[in-house]
Amino acid sequence: MTGHPVYTVGERLLTIDNVCVRHDRTILEGVSGRIDNLRRERLQQGQVVGLLGPSGIGKSQLFRCIAGLQKPTSGSVRLNGSQREVQAGEVGVVAQNYPLFNHRSVWGNLMLAATRHGRNQHDAADACVALLEKFGLLDHAKCHPMMLSGGQRQRVAIAQQLLCSSHFLLMDEPFSGLDPLAKSAVCETLVDVSTTHELNTIIVVTHDIESAIRISDTLWLLGRNRDASGQPSGGASIQQTYDLAGMGLAWDPDIESRAEFRELAAALKARFATL
Ligand SMILES: Nc1ncnc2c1ncn2[C@@H]1O[C@H](COP(=O)(O)OP(=O)(O)OP(=O)(O)O)[C@@H](O)[C@H]1O
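An unreviewed UniProt entry lists the protein under the name ATP-binding cassette domain-containing protein, from Scleromatobacter humisilvae.

Caption draft 1: Summary view of the overall build of the protein. Counting secondary structure elements, the protein contains 7 helices and 9 strands. Across its three principal axes, the protein shows a C-alpha extent of roughly 60 × 45 × 40 Å. Taken over 275 residues, the protein has a buried fraction of 50%. Counted over contacts in the protein with a minimum sequence separation of 6, partners at least 24 positions apart contribute 69%. Accessible surface, the protein as shown: approximately 12,600 Å² in total, 50% of it carbon and sulfur. Counting 27 positive and 28 negative side-chain charges, the protein places the averaged centre of each group 5 Å from the other.

Caption draft 2: The arrangement of the pattern of salt bridges in detail. Throughout the structure, instances matching the rule amount to 12 salt bridges. Its salt-bridge partner being K71, residue E85 comes within 3.1 Å of it at the nearest N-O pair. Within this pair, whereas E85 is found in the loop between β4 (74–79) and β5 (92–94), its partner K71 is found in the loop between α1 (59–66) and β4, the two being separated by 14 residues in sequence. With its nearest N and O atoms 3.0 Å apart, the salt bridge here joins E260 to R258. What makes E260 partly exposed here is its relative accessible area of 36%. Each of the salt bridges in this network shares a partner with another, and the network as a whole consists of R12, R34 and D36.

Caption draft 3: View of unusual backbone geometry. A positive phi angle is found at N18, which is not glycine, with a value near 50 degrees. Residue position: N18 is located in strand β1 (residues 12–22). Here the phi dihedral of E173 falls at roughly 45 degrees; this positive angle occurs in a residue that is not glycine. Following the sequence through the fold, E173 ends up in the loop between β6 (168–172) and α5 (180–196).

Caption draft 4: Up close: the nonpolar core. Of all hydrophobic cores here, the largest spans 36 residues; its most connected members are L110, F135, I158, L163, L190, I202 and V204. When contributions to this core are tallied by element, the ones reaching two or more residues are α2 (106–115), α3 (121–134), α4 (150–163), β6, α5 and β7 (201–206). Broken down by element, the residue count for this core peaks at 6 residues, all from α4. Lining this core are residues from two domains, each supplying at least three of them: domain 1 (8–90 + 166–272) and domain 2 (103–163). With residues up to four places along the chain from it excluded, the contact list for L110 reads C128, L132, V156, A159, Q160 and L163. Residues I16, L28, L62 and C65 belong to the second largest nonpolar core, which totals 29 residues.

Caption draft 5: Spatial organisation of the layout of surface pockets. By volume, the largest pocket amounts to about 340 Å³. Taken together, 20 residues form the lining of the largest pocket, with V93, R116, Q160, Q161 and C164 sitting closest to its centre. Going through the elements one at a time, β5 and α4 are the ones with two or more residues in the lining of the largest pocket. Considered class by class, the residues forming the lining of the largest pocket number 12 nonpolar, 7 polar and 1 charged. Two domains share the lining of the largest pocket, each providing at least three of its residues, namely domain 1 (8–90 + 166–272) and domain 2 (103–163).

Caption draft 6: Focus on empty space enclosed by the protein. All chains considered together, the criterion is met by 1 cavity of 30 Å³ or more. Here the largest cavity is characterised by a volume of approximately 60 Å³. Lining the largest cavity we find 11 residues, and of these V48, V191, S194, I215 and W251 sit closest to its centre. Residue assignment for the lining of the largest cavity shows that the elements contributing at least two residues are β3 (47–52), α5 and α6 (209–215). When the residues that make up the lining of the largest cavity are grouped by side-chain class, the tally is 5 nonpolar, 3 polar and 3 charged.

Caption draft 7: Quick look at the packing of α2 against α4. Close contact between α2 and α4 brings their axes to 8 Å; oriented N to C, the two are set at 25 degrees. The orientation of α2 with respect to α4, classified from their angle, is roughly parallel. In this structure, α2 crosses over α4, and the sense of that crossing is right-handed. Counting all contacts with α2, which are made through V106, N109, L110, A113 and A114, the residues of α4 involved are V156, A159, Q160 and L163. Taken together, the residues that form the contact of α2 with α4 break down as 7 nonpolar, 2 polar and no charged.

Caption draft 8: Structural context of the site of the ligand. Neighbouring the ligand are 14 residues; R25, S55, G56, K59 and S60 lie closest to it. I57 places a main-chain nitrogen or oxygen 3.1 Å from an oxygen atom of the ligand. When isolated, the ligand has an accessible area of 650 Å², and the protein chains bury 61% of it. Residue contributions to the shell around the ligand peak at 3 residues, all from α1. Looking at the shell around the ligand residue by residue, the class counts come to 3 nonpolar, 7 polar and 4 charged.

About the thresholds
Residues numbered from 1 in each chain as written. Predicted model: local features only at pLDDT ≥ 70, side-chain atom pairs only at ≥ 80, totals over all residues. Heavy atoms only, no water. Helix = DSSP H or I, 4+ residues; strand = E, 2+ residues; numbered from the N terminus. Buried < 20%, exposed > 50% of the residue type's maximum accessible area, 1.4 Å probe, protein only. Contact = heavy atoms within 4.5 Å. Areas by Shrake-Rupley, 256 points an atom, 1.4 Å probe, with all protein chains shown as cover. Lys, Arg positive; Asp, Glu negative; His and termini not counted. Charge placed at Lys NZ, Arg CZ, Asp CG, Glu CD. Salt bridge = Lys/Arg side-chain N within 4 Å of Asp/Glu carboxyl O. Core = buried A, V, L, I, M, F, W, Y, C linked by side-chain atoms within 4.5 Å. Domains from an automatic or database assignment. 1 Å grid on protein atoms, 1.4 Å probe; cavity = no way out; pocket = protein on both sides within 12 Å on 5 of 7 lines; lining within 4 Å. Points joined across faces, edges and corners; volume = space filled by probe spheres on them. Nonpolar A, V, L, I, M, F, W, Y, C, P; charged D, E, K, R; others polar. Axes fitted to C-alpha atoms, helices over the stretch in contact; angles between N-to-C directions. Parallel < 35°, antiparallel > 145°, perpendicular 65-115°, else oblique. Left-handed = near helix turned anticlockwise from the far one by under 90°. Near = heavy atom within 4 Å. Polar contact = N/O pair within 3.5 Å; in protein donor to acceptor, adjacent residues only side chain to side chain.

Take a look at the structure:
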C-alpha cells in the first residue's frame with residue numbers, strides 16, 4: 001500500500017495537467033485544473049469542488065484519473081506539488097454504491113479502515129467513536145451495513161475514507177436517485193465534512209446542477225471542446241471555472257432562497273444544452 005501524502009495548509013493540493021483520455025475515440029482532451037489547499041480567508045475550512053457536466057461527457061473518466069485508478073492516455077494528475085503521478089489509494093474514493101463489508105458491523109468496517117495505516121487499536125477506536133458521534137451513527141455501531149439507510153451507508157463510507165487519513169475525498173454522484181429531502185441531508189453532510197478540518201477537500205462529481213451549487217465553493221464545468229465555428233472538435237475539457245466563493249455564493253445555508261442562486265442554476269441549465 002502506498003503511503004499517504006501529508007497535506008499542509010497553503011500548498012498546491014491537486015494539479016491536473018493537460019489530461020487526455022482516448023479509448024476508441026477521444027473522451028477527454030486537454031483537461032487542466034488545479035486546487036490549492038486553502039485560501040487565506042478560509043483558514044478554518046476545507047473546500048468543495050463540484051465537477052459538473054452532462055451525462056456521458058467524461059466525468060467518471062476524469063474521476064478515475066484523479067483517483068489514480070486509471071492512467072490518462074497523456075498528461076498527468078499529481079498531488080501535493082509532487083512530480084509523481086497520483087497512485088490508487090492516495091485519494092479517498094466514495095463510490096456511488098458505498099461498498100462496505102456486509103459481514104462486518106459498522107464498527108468493524110471503520111476499525112478496519114482506522115488500523116490500516118499502522119494506528120494502534122486504542123487510537124483507532126477513539127477515532128472511530130469521534131466520527132460515529134459526528135455523523136450521528138453511534139447508536140448504529142453494531143449494525144451491519146444491510147441494516148442502514150442509504151444516507152447512513154454514505155456517512156459510514158465517508159467516515160471510512162476519513163479514517164484512512166484521506167483529507168482529500170472524491171465522491172461520485174452522491175445525489176443520484178435521492179428525493180429532495182435526502183439531497184439536502186447529503187449537502188449538509190458534505191459541507192459539514194469540509195468544514196470539520198481545514199484540509200478536508202472534496203471533489204464531487206455530479207450532473208445535479210442545484211446540489212452542486214449548494215455545496216461547492218468552486219465549480220468546474222466539463223463540456224465538449226469546440227472549434228472556432230462552434231463545432232465539436234474532439235474530447236471534453238473544463239470549459240469554465242466558477243468561483244462561487246468569490247461570487248458570494250458559498251457557505252450560505254439559505255442559498256436556495258437567493259435570486260443569484262436561481263439565476264446561476266438557470267444559466268447553467270441553459271449552458272448544459274451547449275456542452
Ligand atoms: N473503457 C471504455 N472504453 C470505451 N469507451 C468508454 C470507456 N469508459 C467510458 N467510455 C466512454 O466515455 C464516455 C464518457 O463516459 P463517463 O462514464 O466518463 O461519462 P460521465 O460524464 O461520467 O457520464 P454519467 O454522468 O452518465 O455517468 C462515454 O461515451 C463512455 O461510453
